[in-house]
Amino acid sequence: VCDVAGNVAELAHSNVFMGKDGVVFTPIAPGTFLAGITRMRVIGLLRDAGITVIEKVLRYSDFENADEIFATGNASKVLPVTRIGERALQPGPFYRKAREAYWAYAHSLQQWFPLTTTNKRPSTNAASPIWFCSAERCWSSRVAYGWSTR
């Protein structure tokens, strides 16, 4: 998906990254697309791993010449892009590092917030939040960009 200036902004449901010549690039977030939470987390994790991540204006031609492309999103987390136009792509080392680092981060949270089921009856109202509880607190799925607690 391109922004109004014709620059690559994002994919339909995900943010997009490309690797080229040992550097990871992702479109800069100028306010024309949602700079997702997973995107921000992956940028930080890759930088923490010593990988250069540059946010800049990118054109479709940049992606056509990329060594690898991958996407991040709330539902998909980290996935490789395996085709651009007629060109097939293989998952590359940046994708593998991003996925490995993200899953290590996500699974490390379980030691702090072990999830258990609640003894509450499920609501028949589709708009009702889903509650996840540990021994100390509960979190609701209803709050966008985070969890409410009670």
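## Re the sheet that holds strand S5 (residues 77-81)
Strand order in the open sheet made by the five strands is S3-S2-S1-S4-S5, with mixed pairing throughout. For this open sheet the edge positions go to strand S3 (53-56) and S5, each flanked by a neighbour on one side alone. Going from strand to strand, the sheet's axes swing by 30° on average, the running direction of each strand aside. In the sheet, strand S2 (residues 23-27) pairs with S3 via four bridges, with the strands oriented parallel. Paired with Pro27 across the two strands is Lys56, which belongs to S3. The sheet strands contacting helix H3 (residues 93-108) are strand S1 (15-20), S2, strand S4 (68-73) and S5, and the helix crosses S5 at an angle near 165°.

## Some words on helix H1 (residues 37-48)
Here H1 contains twelve residues, and its C-alpha end-to-end distance of 17 Å stays within 8% of the 16 Å for a straight helix at 1.5 Å per residue. Every buried residue belonging to H1 is among Thr38, Arg39, Val42, Ile43, Leu45 and Leu46, and all of these are buried. Positioned one or two residues after H1, Gly50 has a phi angle of 85°, which is positive.

Cut-offs applied
Residues numbered from 1 in each chain as written. Predicted model: local features only at pLDDT ≥ 70, side-chain atom pairs only at ≥ 80, totals over all residues. Heavy atoms only, no water. Pairing = 2+ DSSP bridges. Helix = DSSP H or I, 4+ residues; strand = E, 2+ residues; numbered from the N terminus. Axes fitted to C-alpha atoms, helices over the stretch in contact; angles between N-to-C directions. Contact = heavy atoms within 4.5 Å. Expected span 1.5 Å × (residues − 1). Buried < 20%, exposed > 50% of the residue type's maximum accessible area, 1.4 Å probe, protein only.

Everything listed is a geometric property; what it means functionally is a separate question.
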